[in-house]
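Secondary and tertiary structure notes
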Amino acid sequence: MSIEKTTPVLVTGAGGFVGKNLCAELAARGFAEILRYDIDTPKEKLAEYAAKAGFVFHLAGVNRPQDPSEFYEGNRGLTEQLLHLLRTAGNKAPVLLTSSTQAALDNDYGKSKAEAEQLVYAHGEETGSPVYVFRLPGVFGKWCRPAYNSVVATFCHNIAHGLPIEVRDPAYPLPLVYIDDVVRCFVNAMQGEVLADRGRYPVCRVSPVYTVTLGQLADTIRSFKESRATLAVPDMGDAFTAKLYAAYLSYLPEDGFAYDLTMHTDDRGSFTEFLRTPERGQVSVNISRPGIVKGNHWHHTKNEKFLVVKGEGVIRFRKIGTDKVIEYRVSGDKLRVVDIPTGYTHNIENVGEGEMVTVMWASEPFDPNRPDTYFEKV
């Protein structure tokens, strides 16, 4: 099975969290006709879209009603209506249903989802249409509504806005999937590629699933907020942390995207730390006025990279215990990285007429208790 980009694609619940992300990805991939159906869409449009669609993403549902009967109306009832319209139109388009892991539980929400699942399976058996039922655990990512049904969204929003959070049971485990992984698996299903259980009624799954405790989740998100002061970069080598940080940034208040750094200034210019990581070192910005020489020190193990992005300079080296001086001309007109080897005393001089700006990377963050920095003129 292959769905062409000219094929009309119906997305119910298009205005919801998953729906908005899915529609954005479909549009970015070049799908020309996305039939968006949501709570404010005229009801008669559903029949029109059901007759036209070449693939159906049925994401719409109810999870926070005022009355339990609304679970069945919004989950089972809308599913039944949609499938009826497809059959009436003779449309055998594939149908993908978003369900929940709660479909296996004995509560009104779970039972209404389970009933919607059975309707979809029966539709597939009756019509021969491919059907995909995804049981999702907690989904997190950009555009998820806080203070609704996602603890991740609530924690991200509250911490980003300086509001309190409540951690009732820090050890409580949470299975979570990231919205981009959900959308990727959904789009793959359009080509018939799914990870599913075996059996008459296979359940499709999103991969990977991350399990984190409530306490770990809260601590990690708090560390994101604190990183503006500590300059610590989250562990981007950990997939869950990287995705959670991306989600957190989407909850920043609109007047809170920017933050100030601490500039260490004197008559020579300034030195400002930008980023710090325990395993990838430190990045700083050094601004020097004309004629200023900075450095004249060496390191045993710490090593650095200098990149002049504005102005003109000379970087000089001398191996400890020798007299030979090595020079490298650097300029913002031609970006060139210069490695600072261990065992060489070194300095950098601004030889231009204006300020010289140098981006400096050090292999380890500065530790005043173990600076590994020894003064010696080049």
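Residues numbered from 1 in each chain as written. Predicted model: local features only at pLDDT ≥ 70, side-chain atom pairs only at ≥ 80, totals over all residues. Heavy atoms only, no water.

Some remarks on the pattern of salt bridges
Two side chains carrying opposite charge are able to pair once their charged atoms lie near each other. The line we're drawing: Salt-bridge detection follows one rule: a side-chain nitrogen of Lys or Arg within 4 Å of a carboxyl oxygen of Asp or Glu. Under the DSSP-based scheme used, a helix requires at least four consecutive residues in state H or I and a strand at least two consecutive residues in state E, with every element numbered from the N terminus. Whether a residue is buried, partly exposed or exposed follows from its accessible area with a 1.4 Å probe, protein chains only, as a fraction of its type maximum: under 20%, in between, or over 50%, in that order.
This structure, assessed with the given rule, holds 20 salt bridges. For Asp 181, the salt bridge identified is with Lys 243, shortest N-O distance 2.7 Å. Placement of Asp 181 in helix α6 (residues 179–189) and of Lys 243 in helix α8 (residues 239–249) is noted, with a sequence separation of 62 residues between them. We classify Asp 181 as buried; its relative accessible area is 8%.

Observations concerning the packing of helix α5 (residues 151–160) against helix α7 (residues 214–230)
Convention followed: Orientation is described by lines fitted to C-alpha atoms, with helices fitted over the stretch in contact, and by angles between N-to-C directions that extend from 0 to 180 degrees. In this scheme the crossing of two helices becomes right-handed for a clockwise turn of the near helix relative to the far one and left-handed for an anticlockwise turn of less than a right angle. Contact between two residues is taken to exist if any of their heavy atoms lie within 4.5 Å; hydrogens are not considered. For this classification, Asp, Glu, Lys and Arg are treated as charged, while Ala, Val, Leu, Ile, Met, Phe, Trp, Tyr, Cys and Pro are nonpolar and the rest, including Gly, are polar.
As a packed pair, α5 and α7 sit with axes 10 Å apart at the nearest point and diverge in direction by 35 degrees. Remark: the crossing between α5 and α7 carries right-handed chirality. Each of Val 151, Val 152, Phe 155, Cys 156, Ile 159 and Ala 160 in α5 lies in contact with α7, whose residues at this interface are Leu 214, Leu 217, Ala 218, Ile 221, Arg 222 and Lys 225. The residue makeup of the contact of α5 with α7, split by class, is 10 nonpolar, no polar and 2 charged.

Focus: the sheet that holds strand β18 (residues 337–340)
What counts here: Note on pairing: two strands pair once DSSP finds at least 2 bridges between them.
The sheet built from 6 strands is open, its strands ordered β11-β12-β13-β20-β15-β18 with antiparallel pairing. Single-partner strands in this sheet number two, and they are β11 (263–266) and β18. Across the sheet, the axes of successive neighbouring strands diverge by a mean angle of 20 degrees, strand direction being ignored. As paired strands, strand β13 (residues 281–288) and strand β20 (residues 356–362) are joined by 7 bridges and run antiparallel to one another. Along β20, the bridge assignment pairs Ser 288 with Met 356.

What about the packing of aromatic side chains?
The following threshold applies: Only rings of Phe, Tyr and Trp enter the pairing, Trp through its six-membered ring, and a pair is recorded when the two centres are within 6.5 Å. The plane angle decides the type: under 30 degrees is stacked, over 60 is edge-to-face, the rest tilted.
A full pass over the atoms with the stated rule returns 12 aromatic pairs. Between Phe 134 and Phe 186, the aromatic rings sit 4.9 Å apart at their centres with planes inclined by 65 degrees, giving edge-to-face as the arrangement. With Phe 134 in strand β5 (residues 131–136) and Phe 186 in helix α6, this residue pair connects regions lying 52 residues apart in the sequence. Of the two residues, Phe 134 and Phe 186, both sit in the buried class.

Details of the side chain of Thr 241
Considering the arrangement of structural elements, one finds Thr 241 in helix α8. Among residues more than four places away in sequence, those in contact with Thr 241 are Phe 224, Pro 234 and Asp 235.

Digging into the pairing of strand β7 (residues 173–178)
Just so we agree on the cut-off: Look down the strands so they point away from you; if the path from the first strand over the helix to the second goes clockwise, the crossover is right-handed.
Summarising the sheet, strand β6 (residues 138–140) and β7 pair through 3 bridges and their orientation is parallel. Paired with Phe 140 across the two strands is Tyr 178, which belongs to β7. You can see the chain leave β6, run along α5 and come back into β7, and the turn it takes is right-handed. Here β7 runs beside strand β10 (residues 210–213); their pairing, made up of 4 bridges, is antiparallel. Each bridged residue has a counterpart across the sheet, and for Leu 176 the counterpart in β10 is Tyr 210.

Description of the nonpolar core
Rule in force here: Each nonpolar core is a collection of buried residues, namely Ala, Val, Leu, Ile, Met, Phe, Trp, Tyr and Cys, held together in the definition by side-chain atoms within 4.5 Å.
Core analysis: the largest hydrophobic core is formed by 55 residues, its most contacted members being Val 11, Leu 26, Phe 57, Phe 134 and Phe 186. Per-element tally for this core: the top contributor is α6, with 7 residues. With sequence-adjacent residues up to four places away left out, Phe 186 is seen in contact with Val 18, Leu 22, Phe 57, Leu 59, Leu 96, Thr 98, Phe 134 and Leu 136. Residues Tyr 37, Leu 78, Leu 82 and Val 95 belong to the second largest nonpolar core, which totals 21 residues.

Considerations on unusual backbone geometry
The omega torsion across Ser 207 and Pro 208 is 5 degrees, close enough to zero to call that bond cis. Along the chain, Pro 208 turns up in the loop between β9 (204–205) and β10. The phi dihedral of Asn 296 falls on the positive side, at around 60 degrees, and the residue is not glycine. With respect to the element layout, Asn 296 can be found in strand β14 (residues 293–298). In this structure Asn 296 comes out as buried when scored by relative accessible area, which is 13%. Even without being glycine, Asp 372 reaches a positive phi, approximately 50 degrees.

Remarks on α8
Taken residue by residue, α8 has Phe 240, Thr 241, Lys 243, Leu 244, Tyr 245, Ala 247 and Tyr 248 as its buried positions. Residues of α8 that are buried make contact with β6, α5, β7, α6, β10 and α7.

Any functional reading would require information beyond the geometric quantities listed.
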